[in-house]
Amino acid sequence: MAQRLAPSVLNADLARLADQVAAIDGVADWVHLDIMDGHFVPNLTMGPPVVESLRRHSDMFFDCHLMVSDPEALLPALAAARVDMVSMHVEALDDPGRALAAAAGAGIAAGLALKPGTPLDAVLPWLDRLDLVLPMTVEPGFGGQAFMADQLPKIRAARAAIDASGRDIALEVDGGVNEASVPDCLAAGADVFVIGSAIFAEADPAAAARRFRTMLDQGNQHP
């Protein structure tokens, strides 16, 4: 399976967001955009207007992680901003099926995300509609947290469920992913790697992204 690198701009210099994204273009596969509302998680970040502005400067694959209380309400604005993928937290959805149908109707690929304490069973009924599964490896809401290795069994179980489904569903890992945790995530079956501070907290984010690109390419050669 192809391993995709999805740098998260949560720890980027947001005053130079377009430049920061341009720095990893051509190395990364996706750019990961964390949308937080200050309710579902304590932090507050960007919203659809920022995403729409960034789209005017980048044609990269926009992977939006919606850490918000009402993700379905943002779908029309995100469709207008021409995002490619949204991940909605299953904990925030009264009716995941309705939300997934709304994303499909808006022309957006959709995934379901899970907090560390949420069992994988919460998303398994929706595998026939999903484009992505995201088991978080930190508590959502803040960048720079330490990777929670106790989530690796959930990633392995998600990989097994995806393979059994026979569908092309991405398995994303997000939270504390760095040089130390990438090998374990690869071994567990993840194929999209959200990496934030380990890239954008570096003096040269492009060089850091290239290091991770090499790690993932080597991992792809040795499944």
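As the structure is a prediction and not an experimental result, all values here were calculated from the model. (Residues numbered from 1 in each chain as written. Predicted model: local features only at pLDDT ≥ 70, side-chain atom pairs only at ≥ 80, totals over all residues. Heavy atoms only, no water.)

### Some details on the sheet that holds strand E5 (residues 109-114)
Put simply, the rule is: Pairs of strands are assigned from DSSP output, requiring at least two bridges between the strands. Segments assigned H or I by DSSP are reported as helices when at least four residues long, segments assigned E as strands when at least two residues long, and all are numbered from the N terminus. To get an axis, fit a line to the C-alpha atoms, keeping to the stretch in contact for a helix; angles then go from 0 to 180 degrees between the N-to-C directions. Contacts are assigned to residue pairs that have any heavy atoms within 4.5 Å of one another.
If you walk across this open sheet you meet the eight strands as E1-E8-E7-E6-E5-E4-E3-E2, and the pairing is parallel. Two strands lie at the open edges of the sheet, namely strand E1 (4-7) and strand E2 (30-36), each paired on one side alone. Direction aside, neighbouring strands of the sheet carry axes that sit 25° apart on average. As judged from the four bridges shared by E5 and strand E6 (residues 132-135), these two strands associate in the parallel manner. Paired with Gly111 across the strands is Leu132, a residue of E6. Contacting E2 and strand E3 (61-67), helix H2 (residues 48-55) crosses the sheet at an angle of about 170° to E3. Each of strand E4 (85-89) and E5 touches helix H4 (residues 96-105); the most contacted strand, E4, lies at about 165° to it.

### What about the pattern of salt bridges?
To keep it simple, the criterion reads: For this analysis, a salt bridge means a side-chain nitrogen from Lys or Arg found within 4 Å of a carboxyl oxygen belonging to Asp or Glu. Summary of the burial criterion: residues with accessible area below 20% of their type's maximum are buried, those above 50% are exposed, and those between are partly exposed, where the area comes from a 1.4 Å probe applied to protein chains only.
Taken as a whole and judged by the stated rule, the model has ten salt bridges. The residue Arg98 makes a salt bridge to Glu72 at a minimum N-O spacing of 3.1 Å. Within this pair, whereas Arg98 is found in helix H4, its partner Glu72 is found in helix H3 (residues 71-80), the two being separated by 26 residues in sequence. Under the relative-accessibility criterion, Arg98 is labelled partly exposed at 47%. The exposure class of Glu72 is partly exposed, given its relative accessible area of 22%. Asp191 is the partner of Arg159 in a salt bridge, and the nearest nitrogen-oxygen pair spans 3.4 Å. Here the residue Arg159 occupies a position in helix H5 (residues 152-165), and Asp191 occupies one in the loop between helix H6 (182-188) and strand E8 (192-195), the gap between them amounting to 32 residues. Judged by relative accessible area, which is 10%, Arg159 ranks as buried. Judged by its relative accessible area of 5%, Asp191 falls in the buried class. Three or more residues are tied together by salt bridges with common partners; here these are Arg4, Arg159, Asp163 and Asp191.

### Comments concerning the nonpolar core
Which entries qualify depends on this criterion: In plain words, nonpolar cores are sets of buried Ala, Val, Leu, Ile, Met, Phe, Trp, Tyr and Cys residues tied together by side-chain atoms within 4.5 Å.
Judged by nonpolar contacts, the single largest core of 63 residues is most densely connected at Val86, Met88 and Val133. Looking at this core, the element that brings in the most residues is H5, giving five residues. The residues touching Met88, leaving out its near neighbours within four places in the chain, are Leu66, Pro71, Leu75, Leu93, Ala99, Leu100, Ala103, Ala110, Gly111, Leu112 and Ala113.

### Notes on the environment of Ala81
With respect to the helices, strands and loops of the structure, Ala81 is situated in the loop between H3 and E4. Between the C-alpha atoms of Ala81 and Ala188, which are 107 residues apart in sequence, the distance is 33 Å. In this structure Ala81 touches Pro48, Val51, Glu52 and Arg55, once residues within four positions along its chain are discounted.

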